[in-house]
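Descriptive analysis of the structure
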Amino acid sequence: MQTMTSRSPRGSTDRTRDGVCPVAGRLVADLERVRLTVPFVGRVKLPPAPDLAFYTTVGALAVAGLLEWPVAAVVVGGHLLASVRSRSLREVGEALEEA
């Protein structure tokens, strides 16, 4: 598979060999490191942006009464289990690629 790279006026490439902008990659990595200080709790690490959007949507549906609270809890719990498993599988795959 061949990817196209564009060159800036200075001659450096704007994209990596995978076609991903390195600046965007750094921004996404920074979003995954967002932490908040919550009174009486301490520092809390926020989940990645797509997961946070999912949790917010499920919570909003539960608050609006369109989704029952027990159902919302099961959906969020299932999503948490699936995301942990997919991250673990991704790390195993990356380790196998390096070997």
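Everything below is about the structure printed above this text.
What comes next is a walk through the structure. These numbers come from a predicted model, not from an experiment. (Residues numbered from 1 in each chain as written. Predicted model: local features only at pLDDT ≥ 70, side-chain atom pairs only at ≥ 80, totals over all residues. Heavy atoms only, no water.)

What to know about the overall build of the protein
Here is the rule we go by: Elements are defined by DSSP. Helices are runs of H or I of four residues or more, strands are runs of E of two residues or more, and each kind is numbered from the N terminus. We call two residues contacting when some pair of their heavy atoms lies within 4.5 Å. A 1.4 Å probe and the Shrake-Rupley method give the accessible areas. Residues count as covered only by the protein chains that appear here.
For the protein, the count of helices and strands is three helices and two strands. Ordered by position from the N terminus, the helices and strands of the protein form the series α-β-β-α-α. Within the protein, contacts between residues at least 6 apart in sequence are counted, and of these 12% link residues at least 24 apart. Carbon and sulfur atoms provide 64% of the accessible area of the protein, an area that totals close to 8300 Å².

Things to note about the pairing of strand β1 (residues 35–38)
Keep this limit in mind: Whether two strands pair comes down to DSSP finding at least two bridges between them.
Judged from the four bridges that link them, β1 and strand β2 (residues 42–45) form a sheet pairing that is antiparallel. Within β2, the residue paired with V38 across the bridge is G42. In this antiparallel pair of consecutive strands, β1 and β2, the connection spans three residues, and F40 shows a positive phi of 70°.

Things to note about the side chain of D51
The line we're drawing: Residue burial is assigned from relative accessible area. The probe radius is 1.4 Å, only protein chains are included, and a residue is buried under 20% of its type maximum, exposed over 50%, and partly exposed in between.
Counting through the fold element by element, D51 comes out in helix α2 (residues 49–64). Take D51: its relative accessible area is 12%, and that puts it in the buried class.

Describing the packing of aromatic side chains
Applied cut-off: Here is the rule: rings of Phe, Tyr and Trp (six-membered ring for Trp) pair when centre to centre is within 6.5 Å. Planes less than 30 degrees apart are stacked, more than 60 are edge-to-face, and the remainder are tilted.
In total, this model carries one aromatic pair according to the counting rule given. Each ring, one from F54 and one from Y55, has its centre 6.1 Å from the other, and the planes form 70°; the classification is edge-to-face.

Looking at unusual backbone geometry
The phi dihedral of F40 is positive, around 70°, even though this residue is not glycine. Tracing the backbone through its elements, the reader meets F40 in the loop between β1 and β2. Taking the relative accessible area as the measure of exposure, F40 reaches 92% and is therefore exposed.

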